[in-house]
Amino acid sequence: MPTTDEQVRELGRRWAEAEQRGDVAVLDALTTDDFALVGPAGFVLNKQQWLDRYRTGALVTASLAWEEVEVRDYGTAAIALGSITQQAAYQGHPVDGRFRTTHIAVQQGDRRLLAGLHLSPIAGPPPLPPQGQPPQAAAR
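Residues numbered from 1 in each chain as written. Predicted model: local features only at pLDDT ≥ 70, side-chain atom pairs only at ≥ 80, totals over all residues. Heavy atoms only, no water.

Q: Which residues make up the environment of E6, and what values do they have?
A: Note on placement: E6 falls in helix α1 (residues 4–21). Its relative accessible area of 45% is what places E6 among the partly exposed residues. Put simply, E6 and V71 are 65 residues apart on the chain and 9.0 Å apart in space, counted from C-alpha to C-alpha. Within the local environment of E6, its side chain forms a polar contact with the backbone nitrogen of T3, the two atoms lying 2.8 Å apart. (Helix = DSSP H or I, 4+ residues; strand = E, 2+ residues; numbered from the N terminus. Buried < 20%, exposed > 50% of the residue type's maximum accessible area, 1.4 Å probe, protein only. Polar contact = N/O pair within 3.5 Å; in protein donor to acceptor, adjacent residues only side chain to side chain.)

Q: Provide a residue-level description of the pairing of strand β6 (residues 97–108), including the pertinent values.
A: When strand β4 (residues 77–90) meets β6, the two strands line up antiparallel, connected through 10 bridges. Bridge pairing in β6 links A77 to V106. Relative to strand β7 (residues 111–121), β6 runs antiparallel, the two sharing 10 bridges. Bridge assignment links R100 to a residue of β7, and that residue is S120. Here β6 folds back onto β7 in antiparallel fashion, the turn holding 2 residues, of which G109 has a positive phi close to 65°. (Pairing = 2+ DSSP bridges.)

Q: I'd like to hear about the side chain of Q7, residue by residue, with values.
A: Checked against the element boundaries, Q7 lands in helix α1. Take Q7: its relative accessible area is 16%, and that puts it in the buried class. Beyond its immediate stretch of four places on either side in the chain, Q7 contacts M1, P2, Q107 and R112. (Contact = heavy atoms within 4.5 Å.)

Q: Residues and numbers for the packing of aromatic side chains, please.
A: Each aromatic ring pair is described using two quantities: the centre-to-centre distance and the angle formed by the ring planes. Going through the model one piece at a time under the given rule, you end up with 2 aromatic pairs. Relative to W66, the ring of W15 has its centre 6.4 Å away and its plane inclined at 80°; by these criteria the two rings are edge-to-face. Placement of the pair is W15 in helix α1 and W66 in strand β3 (residues 59–73), with a sequence separation of 51 residues. (Phe/Tyr/Trp six-rings, centres within 6.5 Å; stacked < 30°, edge-to-face > 60°.)

Q: Could you give an account of the pattern of salt bridges, naming the residues involved and the relevant values?
A: The final tally for this structure, using the stated rule, is 10 salt bridges. For R72, the salt bridge identified is with E70, shortest N-O distance 3.0 Å. Relative accessible area serves as the criterion here: at 41%, E70 is assigned to the partly exposed category. Beyond isolated ion pairs, a larger network of salt bridges with shared partners links E67, E68, R98 and R100. (Salt bridge = Lys/Arg side-chain N within 4 Å of Asp/Glu carboxyl O.)

Q: Describe the nonpolar core, naming the residues involved and giving the relevant values.
A: Counting residues in hydrophobic clusters, the biggest one holds 28 residues, and the most contacted among them are W15, L27, L37, W50, W66 and I84. Looking at this core, the elements with two or more residues in it are α1, α2 (24–29), β1 (31–38), α3 (47–55), β3, β4, β6 and β7. Here L27 is in contact with W15, A18, E19, W50, L51 and Y54, once residues within four sequence places are set aside. (Core = buried A, V, L, I, M, F, W, Y, C linked by side-chain atoms within 4.5 Å.)

Q: Requested: an account of the side chain of T4, with residues and values cited.
A: As for its position among the elements, T4 is in helix α1. Residue class for T4 comes out buried when judged on its relative accessible area of 14%. Side-chain polar atoms of T4 contact the side chain of D73, separated by 3.1 Å. A polar atom in the side chain of T4 sits 3.2 Å from the side chain of R112.

Following this line, the structure appears as C-alpha cells:
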C-alpha cells in the first residue's frame, strides 16, 4: 500500500497533468464536492467556478510544473507545500508565473482527493532596513 507521501504526490502529479490538459472530467474526479481554490490575487473559487474556467475555454494552460513538494501527514488529511511554474492565459491575457502552493488532500474511502488549493505569488524577500535602523523604523 502506498504511503501518504506517495499518495499525495501522485494526486498532485495527476492534478498538474489535468490542469495542463484542461481535463475537466479528471479535475472533477480528483476533488471533493466542496473543493475551493484561493487564487494568487486572493479570489476564492468554488469547485464549479474553478472547473468552468476550463469548460468555457477562459483558462488555457500551456505548461504547469509542480515542484519543491513537501508532504505533511495528518492521518485522514495531508498538506503538500510546493511551488508551481505555469504558462497560461485567462481570457487571452497571460497569467504566467511562479507560485507557492498549498494542497489540502483528504482521505475519502480508499483514495485521496483535493479539498483545497491555495496559490500565492513568489516575490522576493522583503527589503532590508537601512543599515543601523531597526526594522520598525524602516516601515514608517
